[in-house]
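Architecture at a glance
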Amino acid sequence: MKALVVAITIFLVICIFIGIHSYIMINLTKRINPICQETVHFASAEQWDKVIENIDIIQNSWDKKRLWASLTISTKNIEEIEISLKQSRAFAVLHAKSEFMGEFIMFSMLLDHIPHQEGFSIEEIL
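First, a word on scope: everything that follows refers to the structure included in this document. (Residues numbered from 1 in each chain as written. Predicted model: local features only at pLDDT ≥ 70, side-chain atom pairs only at ≥ 80, totals over all residues. Heavy atoms only, no water.)

1. Points about helix α1 (residues 2-44)
Over its 43 residues, α1 runs 63 Å from end to end, which matches the ideal 63 Å to within 8%, given 1.5 Å per residue. If you check which residues of α1 are buried, you get His21, Ser22, Ile24, Met25, Leu28, Thr29, Ile32, Ile35, Cys36, Thr39, Phe42 and Ala43. One or two positions beyond α1, positive phi appears at Glu46, with a value near 55°. (Helix = DSSP H or I, 4+ residues; strand = E, 2+ residues; numbered from the N terminus. Expected span 1.5 Å × (residues − 1). Buried < 20%, exposed > 50% of the residue type's maximum accessible area, 1.4 Å probe, protein only.)

2. Points about helix α3 (residues 75-93)
If you check α3, its first and last C-alpha atoms are 27 Å apart, about what 19 residues at 1.5 Å a residue would give, namely 27 Å. The complete set of buried residues in α3 reads Asn77, Ile78, Ile81, Glu82, Ser84, Leu85, Ser88 and Ala92. One face of α3 carries all of its buried residues, which in axial projection span an arc of 155°. Exposed positions of α3 whose direction lies more than 90 degrees from the buried face are Thr75, Lys76 and Lys86. Positioned one or two residues after α3, His95 has a phi angle of 60°, which is positive. (Arc of directions from axis to C-beta.)

As structure tokens, then:
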């Protein structure tokens, strides 16, 4: 009987941790995605100061949740996200519009993939 209670408790703790982790990762992408769309708009208008400001906001948001991301996302994927964001910022500083757009779109796609990696949804189960 004690073993059953311990097993159920461990199972519940794991389920709660998975739920919290999924919520944090999905919430991170939901907060960053509108900023990414705004950044692309600013880049199209060549307002580079606002682009750099938005990239810094994205970087701060990412840095705050990086520990949570590193719990389950592979180091390779985290490095790809961080390198893409840093290269995007470098291209924005250089005012290289086409290079920035390509790299920032790559960053956005990598970020959009996080909920599919970390979250769970009915569409993926069915």
